[in-house]
Amino acid sequence: DLIKRSAPSRIVAVSSAYHVKAMGRVGEIDFNDLQFEFRKYNGWKAYAQSKLANVLHARELANRLDGTGVTAYSVHPGWVRTNLVANTVPVWVQDMFLRPFASVLDMINAEDGAQTTLHCLLSDDAADHSGAYFSQKGSYTERAYRRGGWPMHSPNSQGEDDAIAARLYQVSQDLVGL
């Protein structure tokens, strides 16, 4: 309600190019096992699913907030060179392999990575694209998507599905008791 009263307002959900596929694991919403209670847990599969959920959440928020002056977006900020990798890759691997080849690997600095989010928050043009997915360049499987787009269609067919977005929103509300 406060966001609506503060309109025009914007909401940005940070997603990832990995909402399509993360290390070979396809991003899909599995309504039969959202929390990996019945299937073997896989961190990359869970990551892809969670990032797809962010895309769908922004899409559903945009639908629900249509006409209120509040817009919502999902973004892939790019492969940003941050300390996040410190928790997943040993420092010696970072020093020997990641840092020297950062530009070849299309890694960007934090300032460049913030641009997609800032565009959605500040650009007059973004207001015309509520619910859209905005992406820096990314490691998409399909070459046509690798340059990104402001906005662009999600390369994941579920990421463009309003029925899945609405269902996920309702299931999420139920899970947290709303």
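It should be emphasised that the depicted structure is a prediction, and the values quoted were computed from it without experimental measurement.

How each quantity is defined
Residues numbered from 1 in each chain as written. Predicted model: local features only at pLDDT ≥ 70, side-chain atom pairs only at ≥ 80, totals over all residues. Heavy atoms only, no water. Salt bridge = Lys/Arg side-chain N within 4 Å of Asp/Glu carboxyl O. Helix = DSSP H or I, 4+ residues; strand = E, 2+ residues; numbered from the N terminus. Buried < 20%, exposed > 50% of the residue type's maximum accessible area, 1.4 Å probe, protein only. pLDDT = per-residue confidence, 0-100. Pairing = 2+ DSSP bridges.

Asker: Could you give an account of the pattern of salt bridges, naming the residues involved and the relevant values?
Answerer: For the structure shown, the criterion picks out 6 salt bridges. The salt bridge involving D162 is made with R59; its shortest N-O contact spans 2.7 Å. Taken together, the residues span a long stretch of sequence, with D162 in helix α5 (residues 162-175) and R59 in helix α2 (residues 43-64) at a distance of 103 residues. Looking at R59, the relative accessible area reads 17%, which means it is buried. Look at the salt bridges and you will find they share partners, linking D30, D33 and R39 into a network.

Asker: So what's going on with the confidence of the model for the protein? Which residues, and what values?
Answerer: Per-residue confidence for the protein gives a mean pLDDT of 90; residues scoring 70 or more make up 91%. In the model of the protein, helix α3 (residues 91-98) stands out as the element of lowest mean pLDDT, 70, in contrast to strand β1 (residues 9-14), which has the highest, 98.

Asker: Describe the pairing of strand β4 (residues 70-76), naming the residues involved and giving the relevant values.
Answerer: Taken across its 7 residues, β4 has 7 buried, putting it largely inside the fold. With burial as the criterion, each face of β4 is covered, one bearing V70, A72, S74 and H76 and the other bearing T71, Y73 and V75. The pairing of β1 with β4 spans 6 bridges and is parallel. Bridging from a neighbouring strand, A13 pairs with S74 of β4.

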